[in-house]
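Report on the structure
If you want the building blocks of each chain, they are given just below.
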Amino acid sequence: MSLLHRRLSQLLTVWSWKRRLDLSLCPAVGLHFRTFCSSVPETDTVDPIQVHRKKLFLWFSHLPQEEKQFGGYFSPETMHVDPLIMSRKSGERGGLLSSPLDPATLSSHAVTVEQLFKSTDAWSDGRGLNVLLYGAVGTGKSTVVRKLVQDWCRGSALTQFKLLVPFSCEDLSELSKVASLRDLVSRKYLHLKKHPLLSGEGNQAKDVLFIFNGMEKMKLDFRIGSTELCSDPNEPLPANVVVVNLLRKYLLPEASILVSTRLSAVDLIPQKYVSHYAQICGFSDPDRQRAYFTSRLLQGSKDSVLNPNAQSLVELLYLNLQRESQLAAACFLPSYCWLTCATLHYLHFTNAKAPIRTLTGIYTSFLRLNFGGEVMGSGTGAQMSLQDQHGSLMLYVVRTVGKLAFDGVTYKRTSFSEDELEQWIGGKTKTDEELRQLAVFRTDVLDFFLAPCVERSRNSNEALGENDQRRYVFAVPAMQEYLAALYVVLGENKSALEKMTKQVTVAIGQAGEDVSAIFNILSKFIPLRIFAVFNLLKLFPKLYEKISSRNRGNIAKTLATELFRSEDSYNEDVLDQVEQSLLGVHGPQPKQYCEGHPFELYPIFMGGLLHFGNRNLLQMLGCSIQSSTVVQITNALRKYLVRELSKPQPPEELMDLLVLLYEFQNPRLTAEVIASIRSIRLSNIRMTSLKCFILSSVLSCTPASYHLDKMDLSSCLLTHQMLEILSPAFRHTKNLNLQFNSLGPESCILLRDLLLDPKNAIRSLQLCDNPLLESGVCTLLEALQGNQSLTHLSLMHTGLGDQGALELAQRLQQHPVLQELNVAYNNIGDNAALALVDACREHPSIHTVHLYLNALSDVGKQSLYVRGDPHRTGRRVKVLASVTEGSDISEDWHPILNVIRKNASSWDRQRVQQQLQVFSQDTCFDNVENFIILC
């Protein structure tokens, strides 16, 4: 028994220690609360206010799912930037700001939330303050509320209030049962159950602040006849009645209240119940925007070694904002600052270890972040079921703004007049309810997507006759293409026949089997001719399905046609276009081969919207894309893509195709489309980590037996980090061209391991004009002994030198299958060149050696020519050392001159000029320029 008693005592001690430890965890997360010491008797209860602070801080510290796509780099403490908050009078109504405010206005009207809770003369009779905080969609209302709650939990803001109780009006609107105020509080915060501050006794409620976020979600009626008066916090009432009595100061009149809402709902609370009005105006100046971008992008880069250009990225973005560009106008809304950062993070910080992200996914997450669960109200707070798609706010956006975007893409227009907005968004004559919904939409949502044009249109035809009307553009150009793609994929661009057929099909489908049973009975009594009409009606579902299938085939055809438009073939690739739209163009303008704006993101968004993850997010927004629709579009798309890829495609178009397949995230479709490609030529594409990751991801969908004939990545600005991302893709190619990049000695380690991989099939490796140096080449040559596939190796202009050439000569016999070796332009002298050629003569398969543009004397060149004489060796080894052989022209002058001509722009001009001058002296050409032109 004593042993058992001792064990129980030990367990009780451990439990008590753990309990005290749990209560002292708050300082570890940045909170400075009183730690409960062991001297407190176990019978004493913990202070519920301290528990409330701790739990509230943890709840409001959770990042939205959309923030987790950045790899968990961000935290609310480090990335928050306060938006501008302006004090307003009761009669003032401010819309969305479109330009920076002057300093005088800022100093006289800018306030903080804490300043709003200072007592006024009208509210100095012991009553708490009612503060109404309002703003347009995307200005940061919820972010301000979240930061305010966190600061109160830390004890750094609103310290005059002992208790802060936040509520989501969306949650309150879903309550179907009546409940008292204390029940509403205890239902969400059980630790505050029966707390004396909420009892209503005395003036204890003066230390309480209620926060109601998103008041437009509730139906509040302040008429006495509709909402009964109540002063008892224990009396069960509907949630909206409780809120109304709090605002009336009839229930807990000493308590203060902060309400956040949208512009359209400001008038729902009578002015006499509001002590202060304040408008959130977003980021009103470039400095606030820069602070936001710095906190996001510099922290998001995480590793300065991997991302040394993060600071330069912020500077380029800031320069573009200072130009008063269209992006600067959009970034008045913090939501568009988030979208800009998310896009730049995707473009510049993507690597093989980062979470899988797509551009379509970023835009879909952006809309879910701003419109998740939103429904179309009537302007009086009436809500509709979230299951009712006709009430979905996002679906309403697609049918109005999306239709406008689709019309712009169809006719290559990016700006719209006020009359056009009225035509597409106002529409035909509507009912009173529809007109109220339209008024709410225009007040709250329309300015979120469309902004006044701050730049003159570059199309002179579009500018004629429009001086009397203001032009509007989408806040960011890519949003127009996204909404147009969503409009098409959702099938909203149906013909009149399709819409009529669908309505008839739905009507007949609602009748169900009962109608079919009635038809079967009536067929025994009704004449055959009349009964034929009923049979025709029963055929409508099949007719609709046939028309619908054709429409989905048209979607696939549209996608392929827009992707491979000939007039866009030589534009910048689509990812570069996205970057330029955010950072601007610094230097010469890129070549534009088509008139008007190129809408090359439009087909890529169409493909990305078919991915399951994006369809799932859209389902939450009330926009449903059925799996059967995706299957039909995919089957048709496969056929069109394979057909287009049978034609030669420019590198830019091929890069766009890879982006489309990556956005689609469909491994089976990707494998079937890539199977029709025998070569990937991306020469002169400015490769980035993202583009390398896309290429590697797309090729990873193919089976191990699939091999490209050629992969051309010459002049792509490749670095060692990019090569690491691409290494899995190299196993799928036979001819790998990495010429004219920035690969150094460290890259040779990766290339060596690649050649030693038994799964690799590389036969030709071209590394011309990479600073590999002697050390890097020696590392690469270690692969010769274990590799069995390499037949052609080009090390031209890699800094090989004499020692590297001698090392190569010693290792050649370890690789018996090599056939051609190019070590031209490597500052190799006579002795090293002769040793290398002797080794090639003894090699069983080498037939060609390139040695031109090296430091060879005339005697050395002649000796090299003699070493290649078949009469001396019995086997000819073609030595390309010079365009001349003594006084004669070399018989191999043409391949040498062809190589020199292709690389003359990047090589040392004096060395090239010297070689060509020697050749021109023994030919009929009196100058080098004429000879190069002829070649």
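I will try to describe carefully the structure that is included in this document. (Residues numbered from 1 in each chain as written. Predicted model: local features only at pLDDT ≥ 70, side-chain atom pairs only at ≥ 80, totals over all residues. Heavy atoms only, no water.)

This next bit is on the packing of helix α12 (residues 334-348) against helix α13 (residues 359-371). Packed helices, taken two at a time, are described by the angle between their axes plus the distance between the axes. Contact pair α12 / α13: the axes reach a minimum separation of 10 Å and the direction vectors enclose 160°. For the element pair α12 / α13, the angle class is roughly antiparallel. Relative to α13, the crossing made by α12 is right-handed. Of the residues in α13, those in contact with Ser 335, Tyr 336, Trp 338, Leu 339, Ala 342, Thr 343 and Tyr 346 of α12 are Leu 359, Ile 362, Tyr 363, Phe 366, Leu 369 and Asn 370. Broken down by class, the residue content of the contact of α12 with α13 amounts to 10 nonpolar, 3 polar and no charged. (Axes fitted to C-alpha atoms, helices over the stretch in contact; angles between N-to-C directions. Helix = DSSP H or I, 4+ residues; strand = E, 2+ residues; numbered from the N terminus. Parallel < 35°, antiparallel > 145°, perpendicular 65-115°, else oblique. Left-handed = near helix turned anticlockwise from the far one by under 90°. Contact = heavy atoms within 4.5 Å. Nonpolar A, V, L, I, M, F, W, Y, C, P; charged D, E, K, R; others polar.)

Let's shift gears to the sheet that holds strand β11 (residues 710-712). One open sheet holds the 8 strands; their spatial order is β10-β11-β12-β13-β14-β15-β16-β17, and the pairing between them is parallel. In the strand order of this sheet, the two ends are held by β10 (679-681) and β17 (878-880), each with one partner. Strand-to-strand twist of the sheet, defined as the mean angle between neighbouring strand axes without regard to direction, takes the value 5°. As paired strands, strand β15 (residues 820-822) and strand β16 (residues 848-850) are joined by 3 bridges and run parallel to one another. Looking at the pairing, Asn 822 lines up with His 850 of β16. (Pairing = 2+ DSSP bridges.)

The next thing to look at is the pairing of strand β2 (residues 130-134). Taking burial as the measure, the 5 residues of β2 include 5 buried ones, the bulk of the element. Of the two faces of β2, the one holding Asn 130, Leu 132 and Tyr 134 and the one holding Val 131 and Leu 133 are both buried throughout. In the sheet, β2 pairs with strand β5 (residues 256-261) via 5 bridges, with the strands oriented parallel. Paired with Tyr 134 across the strands is Thr 261, a residue of β5. Where β2 lies against strand β6 (residues 276-282), 4 bridges are found, and the strand directions are parallel. Across the sheet, Tyr 134 pairs through a bridge with Gln 279, a residue of β6. (Buried < 20%, exposed > 50% of the residue type's maximum accessible area, 1.4 Å probe, protein only.)

Now for the pattern of salt bridges. The tally for this structure, following the rule as stated, stands at 23 salt bridges. For Arg 686, the salt bridge is made with Glu 579, and the minimal N-O distance between the two is 2.7 Å. Residue Arg 686 is found in the loop between β10 and α27 (689-699), and its partner Glu 579 is found in helix α21 (residues 574-583); the two are separated by 107 residues along the sequence. By relative accessible area, which is 31% here, Arg 686 ends up partly exposed. (Salt bridge = Lys/Arg side-chain N within 4 Å of Asp/Glu carboxyl O.)

Further remarks concern the nonpolar core. Nonpolar side chains tend toward joint burial in soluble globular proteins. Core analysis: the largest hydrophobic core is formed by 170 residues, its most contacted members being Tyr 336, Phe 449, Met 479, Leu 738 and Leu 851. When residues no more than four places from it in sequence are discounted, the contact partners of Leu 851 are Val 823, Ala 824, Ile 828, Ala 833, Leu 836, Val 837, Leu 856, Leu 864, Val 879, Leu 880 and Ala 881. One finds Cys 153, Phe 161, Tyr 189 and Phe 212 within the second-largest nonpolar core, a separate group that totals 69 residues. (Core = buried A, V, L, I, M, F, W, Y, C linked by side-chain atoms within 4.5 Å.)

This next bit is on the side chain of Glu 481. Take Glu 481: it is sitting in helix α18 (residues 477-489). Polar contacts involving the side chain of Glu 481 include one to the main-chain amide nitrogen of Glu 600, which spans 3.3 Å. Separated by 2.9 Å, the side chain of Glu 481 and the backbone nitrogen of Tyr 602 make a polar contact. (Polar contact = N/O pair within 3.5 Å; in protein donor to acceptor, adjacent residues only side chain to side chain.)

A word on a nonpolar patch on the surface. Nonpolar side chains collect at one region of the surface, where Ile 224, Leu 229 and Tyr 250 lie side by side and expose about 300 Å² of accessible area between them. Inspection of the secondary structure assignment puts Leu 229 in the loop between β4 (208-213) and α8 (239-247). Classification of Leu 229 as partly exposed rests on a relative accessible area of 40%. (Patch = residues over 30% accessible without salt bridge, like charges linked within 9 Å, V, L, I, M, F, W, Y side chains within 5 Å. Areas by Shrake-Rupley, 256 points an atom, 1.4 Å probe, with all protein chains shown as cover.)

For Ser 295, the position within the fold is in helix α9 (residues 286-301). Take Ser 295: its relative accessible area is 14%, and that puts it in the buried class. Of note is the side chain of Ser 295, whose polar atom sits 2.8 Å from the backbone oxygen of Tyr 292.

Let's shift gears to the packing of helix α14 (residues 393-410) against α18. Between α14 and α18, the least distance of the axes is 7 Å, while the angle of their chain directions is 110°. Regarding the angle of α14 to α18, the classification is roughly perpendicular. For the pair formed by α14 and α18, the contact residues are Met 394, Val 397, Val 398, Val 401, Gly 402, Lys 403, Ala 405, Phe 406, Gly 408 and Val 409 on the first element and Gln 480, Leu 483, Ala 484, Leu 486, Tyr 487 and Val 488 on the second. Here the residues of the contact of α14 with α18 are counted per class, giving 12 nonpolar, 3 polar and 1 charged.

This is a description of form; function is not addressed.
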